[in-house]
Amino acid sequence: MSAASPPPAPPRGALERHHFLLRRLHSLTGIVPIGVFLVAHLVTNSSLIWGKAGLRGAHPELGWLDGGIAYFAEEVRWINTQVPHLLLVEIVLWVSIAFHAGLGVLYARSGRNNVARYAYGGNRRYAAQRLTGYVAIAFIFYHVATLRWGWTFLVPGGTHWSAEFAGSTLAAAIKGGQAGWTLMGVGVALLYFVGVSATVFHFANGLWTAAITWGLTISTGAQRRWGYACLAMGAALMLAGWSSLAGALMMDPASAARVEAMVGAPAGPGARQADAPTHVAP
Amino acid sequence: MAYAPPPSVPRRGAATPDRGVVFRIRRCDGPGKPSYWQEFEVAVPRNANVISCLQQIAANPVTAGGARTTPVVWDAGCLEEVCGACTMVINGRVRQSCSCLIDECAPREGDVVTLEPMGKFPVVRDLWVDRSRLFHGLARVRAWVPIDGTYDLGSGPREGPATQAERYVLSTCMSCGCCLEACPQFNLEPDEGRWETAFIGAHAISQARLFNEHPTGSQIKGERLDALMGPGGVSDCGNAQNCVKVCPKGIPLTESIAAVGRSVILHAIARFFRG
Amino acid sequence: MSQHRVIVVGGGLAGLAAAARVAEAGLPVDLFSVVPVKRSHSVCAQGGINACNDVARQQGYSEYEHFDETIYGGDFLADQHPVLEMTNTAPRIIDLLDRMGVPFNRTHEGYRDLRLFGGSLFKRTHFAGATTGQQLIYALDEQVRRCESEGKVAKYEFWEFLRPVVREGRCVGIVAQDMRTMQVRAFRADAVVMATGGCGMVFGKSTNSVICTGAAAARCYRDGVWYANPEMIQVHPTAIPGADKLRLMSESARGEGGRVWVPRRPLDERAPRDIPESERFYFLEEKYPAYGNIVPRDIATREIFDICVNQGLGVNGGNQVYLDLTHKDPEVLSRKLGGILEIYEKFVGDDPRSTPMKIFPAVHYSMGGLWTQFTRGSYAPATPLPKHRSASPPPIDARPGQGMLPGAPNNMMTNVPGLYAFGEVNYAYHGANRLGANALLSCIFDGLFCGASVVNFIRNDAPAGNPAADLPPAEFDAGEKRERERMNALLGTVADGRPDEPATNPYAIGKELGDEMTAACTVVRTGPRLEQCLRRLGELGERFARVKLADAAAWSNQSFAYARAIGDMLVLAQAIARGALERRESRGAHYRTDFPDRDDATFMKATVARCDARGVTSVALDPIDASLIQPTARTYGKKDDRKDPGKAAPAAARA
Ligand SMILES: Cc1cc2nc3c(=O)[nH]c(=O)nc-3n(C[C@H](O)[C@H](O)[C@H](O)COP(=O)(O)OP(=O)(O)OC[C@H]3O[C@@H](n4cnc5c(N)ncnc54)[C@H](O)[C@@H]3O)c2cc1C
Ligand code: SF4
Ligand code: SF4
Ligand code: FES
């Protein structure tokens, strides 16, 4: 009968009271700090592939891949020793991810997918954004828990990641053991491939929609151009992610550990080397 | 002197006259009743649209199986895609049934045309849905120019042709609801009590932009943005951009969403500092 | 004291303008409409809205000339004072719409752009693309939504008006039905405004929306409200033939330079662009050098009809002529006519920017309608003046109150006190032929100007001491009961037979009604054919008495609503045919081959149809107010009258 607007209902929970702030924080945290970290993380990790060039002539004895391992080891070491309050930074990051993920799930559940009916590019990306969000949550949780929090019971081969032996322990954790590929390892590698790809897509596409959400790209042309920019950025990041993974998969953990020891910490390669293979499969 | 009814203008590439086309229609006798499918075979003349076939079914409600049934109920008005009344889901896609020519939605012999009511609004009966929520959305964003009254107070603000062109496009929104039907973030909400906080949809966001851009309309821009900052406002949009794809009037809805996104941020910042 | 209320039936331009004006004056409004008001038929209007403006004024145009054109265009049948007030108010209405945010097209400097329209040599038509009506109704809809959110207006959408409730000669409410729940209910009001638009559906296919049945007007008529000039039905010259509707191709296509032509050679098979200029017959331009393609509608329609039906020159021998815009810049066309060109493209499949459109006349507008009154304003020349010449000083300025007395309670009130008729549903402004882009004006003018009359009627007249809310329930209950019985009787027909019998199928009856009315009561009429038509209507009425529905549902029963409306349309059709039969002359849209001349002595009067208690129509001729302008021959400077199909010829010869 009548469509007169009833008085606005009093806002209910905190979620509704701070609706706008939460929405914007959700969008913001995806870019800073999560996105920024993601870029740094993938660029660093991909040095497994391009790190030889980063060495700028140091360690001429190392081949291309070994050079990457060495460079990567130095990078990680630098981060672990030079970044102040690293734990605090990490906690901020974890909290951001948890916040972004939690709200993300809540928001994603408010939508109803209809790609089957409206198979437009934009709609596919919308659906993919939600799907990759879920995948990324699962993957990042696994990734952080196993490699950072030391939940080694989730790692085939039980490898304990170590910042001193960043490349080799990573390789061992993914491939399933110090000795190289195991069946479980193949599974983990696949998980990494899917997880990294999903995360990168989620970030690049999120960057594209964020520009609309924040009203930076208004005209259709601007949205399209920014779309291409995000596509390029995503492609580059995807390449970085895949090369990190490829770098890890191509390396032999044991020989990598030797390279890492060579360029290793002042504590002395011997002591570390003894450390390194501690976590072999029982 | 006799007045012969005018012949239809032949359409390029038209199908042969009067071919049989099967309509598969999702029916429902009323709210809370189960829906069911019925098929009708209609002799379709050249250049016919979906509405003219529904008219035939209404005049002779017999299913393809020869069973007598009740006439199918649907909504229509202008028959020239300007009132928005006849919106329904045709072959899985939402659009106006008056501008949907059979040669287009069932080009080949033996093609079936599927008709369903819009899914995001409560069904009244058959293909007729209750779209009051759409108009409620317009009230929610105060989609009007707050003039002093309808008495003579001189002319309105001057405006350049470029601004006019921009406003005109936005102003052609006929409240058909296609953008809502296709939006993955806009869901069926029969409970009127929740309309204030459920996602408002692209059409109303675009209308808010239209009135924010008008010199007098902008006087209550703050109220509109407040409404759009809250639950169900512009930030609930997930940028699927289906809305702009299905809008029959070619309204740049995603541009409106971005523009309102920007206004809302600036408004929030201003509000933060002003208190 | 109980609060007064006003009911407005119809949410088109007229109804919305009235609701806004009345609500603003502080009276609560109940607004009824069979469709959500934003979807009313007014959205279809394409071309524009007329008003004198500064540019035209500096070329010698004036509000007075607009008035003069409207009377001349209407072939001297309209009451002149109301028209004067309307044209004088027009510029102020445009200003108001502008303030409401209507995106009127703009010039480079930011002023409102103007276009040429039928019946005038001055650009005086304001427009918003080619969807002016849509833009105007949206602006009013928005204002009414604002009133609604402030609690001043309550909307009853999907409610159908069934009858006025009249008590002791005064209208005190209505009976209406919710078309979803089928609830029949009486509503009280101290004044009721009918703004229910036209009746195109009586003719089956027309340029009107499917809701324009005229049933609401017919129900008032049946209950004792007079209906004037029913025979004055405008057939628009340019429409796109279609299976379900004859979609309008607006006059603005010609206003923007569109040219109407046919190949000189009958049955010329060549594609239009292959026909050289010398072999094209621009018949309107040749016959009417001054106005060319923008002669008024009745004339253009008869010429096109004559070319196709009498001379057999229609394109491909059919009932169609070319309307050609291909010589215009496609970009300009898109900007100014986008909306209508898209309609053609969408429904026909050709792009009018590159291929001439094929068009034919179609029923479009009802000049006639519910009979209404008015109080004259202050302008009273000693004798009616001769036809106004452009660039000569107008005899009066445009101050309000010279045509109609503002706020007089009887302005646009029907013969039943308290019952008003605004917009297309009344007969007040357009005489025997409406000029293009004058309808939107008259609708909004009614709502605003006469809305004030409604308020004054309530405050100062019968309802003042005796509000409808305090009346005993008898008439309201009786009205409800009668309508419920009528509904149950119709719904009851389902049980007693198979409804597929064409003789008793409502849709079959409706279609035959439309075909018959189109054949007998449109472009050309003759006495014998009209008599035959009346007999046919009688037969259809008898068949309707035995009508059988296919649906007995007591929920959202559309075919029931349709059938009920057919019954009322039959009543209206009778009035139309009877009016046409009684008017034994030709005037404006009404052209009788057996009486081809205009006969001012006998027929410069309104035909007023009255329906008695038994449903029998009688028609009387009532004098009109022609005190301002003397009638002259209406020739539009026609040159060649040998081939003239219309009644203008003898008049031209005399002139
Ligand atoms: C295609 C087309 C183009 C036109 N172009 C122009 C133009 O360019 N310029 C111009 O000046 N004029 C134009 N006209 C004419 C003009 O559009 C109409 O005359 C005008 O819109 C009528 O407005 P209205 O308010 O009187 O009625 P409408 O807009 O027809 O509204 C009638 C209202 O009454 C309601 N109603 C009807 N019956 C009932 C009932 N039984 N119970 C309850 N409610 C009911 C309807 O729901 C609706 O809300 C055009 C007309 C057509 C058909
Ligand atoms: S862009 Fe926003 S409003 Fe449009 S369809 Fe997507 S989610 Fe819905
Ligand atoms: S924005 Fe487009 S799709 Fe949405 S209601 Fe308006 S016209 Fe329809
Ligand atoms: S009937 Fe008006 S849009 Fe289809």
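The rules behind these values
- Residues numbered from 1 in each chain as written.
- Chains lettered and ligands numbered in written order.
- Predicted model: local features only at pLDDT ≥ 70, side-chain atom pairs only at ≥ 80, totals over all residues.
- Heavy atoms only, no water.
- Salt bridge = Lys/Arg side-chain N within 4 Å of Asp/Glu carboxyl O.
- Helix = DSSP H or I, 4+ residues; strand = E, 2+ residues; numbered from the N terminus.
- Buried < 20%, exposed > 50% of the residue type's maximum accessible area, 1.4 Å probe, protein only.
- Contact = heavy atoms within 4.5 Å.
- Buried area = accessible area lost by both parts, 1.4 Å probe.
- Polar contact = N/O pair within 3.5 Å; in protein donor to acceptor, adjacent residues only side chain to side chain.
- Nonpolar A, V, L, I, M, F, W, Y, C, P; charged D, E, K, R; others polar.
- Near = heavy atom within 4 Å.
- Areas by Shrake-Rupley, 256 points an atom, 1.4 Å probe, with all protein chains shown as cover.
- Pairing = 2+ DSSP bridges.
- pLDDT = per-residue confidence, 0-100.

Caption draft 1: Highlighting the pattern of salt bridges. Residue and element names in this part refer to chain C. Enumeration over the complete set of coordinates arrives at 87 salt bridges over all chains. In this structure, Arg219 and Asp568 form a salt bridge, with 2.7 Å as the shortest nitrogen-oxygen distance. Of the two residues, Arg219 is situated in helix H6 (residues 215-222) and Asp568 in helix H15 (residues 558-582); the sequence distance between them amounts to 349 residues. Here Arg219 matches Asp568 in class, with each residue buried.

Caption draft 2: Looking closely at the interface of chain B and chain A. Listed by partner, the interface residues are 42 residues for chain B and 36 residues for chain A. Counting the surface lost from both chain B and chain A, the interface buries some 3200 Å², and carbon and sulfur atoms represent 51% of this. Connecting chain B to chain A are 2 salt bridges. Across the pair Arg117 of chain A and Glu116 of chain B runs a salt bridge, and its minimum N-O distance is 2.7 Å. Across the contact surface, chain B and chain A share 21 residue pairs in polar contact (both at pLDDT 80 or more). Counting residues per element, the ones that place at least two in the side of chain B that touches chain A are strand E4 (93-96), helix H3 (132-140), helix H8 (242-246) and helix H9 (253-274) of chain B. In terms of residue count, H9 of chain B provides more of the side of chain B that touches chain A than any other element does, 10 residues in total. Taken together, the residues of the side of chain B that touches chain A break down into 18 nonpolar, 15 polar and 9 charged.

Caption draft 3: Representation of the site of ligand 1. Residues and elements named next belong to chain C. Neighbouring ligand 1 are 38 residues; Ser33, Ser40, Ser42, Phe161 and Glu424 lie closest to it. Contact between ligand 1 and Ala14: an oxygen atom at 3.0 Å from a main-chain N or O atom of the residue. Take Gly47: an N or O atom from its main chain is 2.7 Å from an oxygen atom of ligand 1. For ligand 1, whose unbound accessible area comes to 1000 Å², protein coverage reaches 98%. Those elements that provide at least two residues to the shell around ligand 1 are helix H1 (13-24), strand E7 (159-167), H6, strand E17 (357-366) and helix H11 (439-460). Among the residues making up the shell around ligand 1, the classes are represented as 17 nonpolar, 17 polar and 4 charged.

Caption draft 4: Focus on the pairing of strand E14 (residues 259-263) of chain C. Residue and element names in this part refer to chain C. In terms of burial, E14 is a largely internal element, 4 of the 5 residues being buried. Judged from the 3 bridges that link them, E14 and strand E16 (residues 321-324) form a sheet pairing that is antiparallel. Residue Arg259 lies in a different strand from E16, and its bridge partner there is Asp324.

Caption draft 5: Looking closely at the confidence of the model for chain B. For chain B, the average pLDDT comes to 92, and 93% of its residues sit at 70 or higher. In this model, residues 1-16 of chain B is a region of pLDDT below 50 whose contacts with residues beyond four sequence positions or in other chains number 40 contacts.

Caption draft 6: Region of interest: the confidence of the model for chain C. Scored by pLDDT, chain C comes out at a mean of 93, with 96% of its residues at no less than 70. In the predicted complex, the global pTM is 0.93; the interface-specific ipTM is 0.94.

Caption draft 7: How the structure looks around the site of ligand 2. Ligand 2 sits among 13 residues. The nearest are Cys183, Cys237, Ala240, Gln241 and Cys243 of chain B. A per-class count over the shell around ligand 2 returns 8 nonpolar, 5 polar and no charged.

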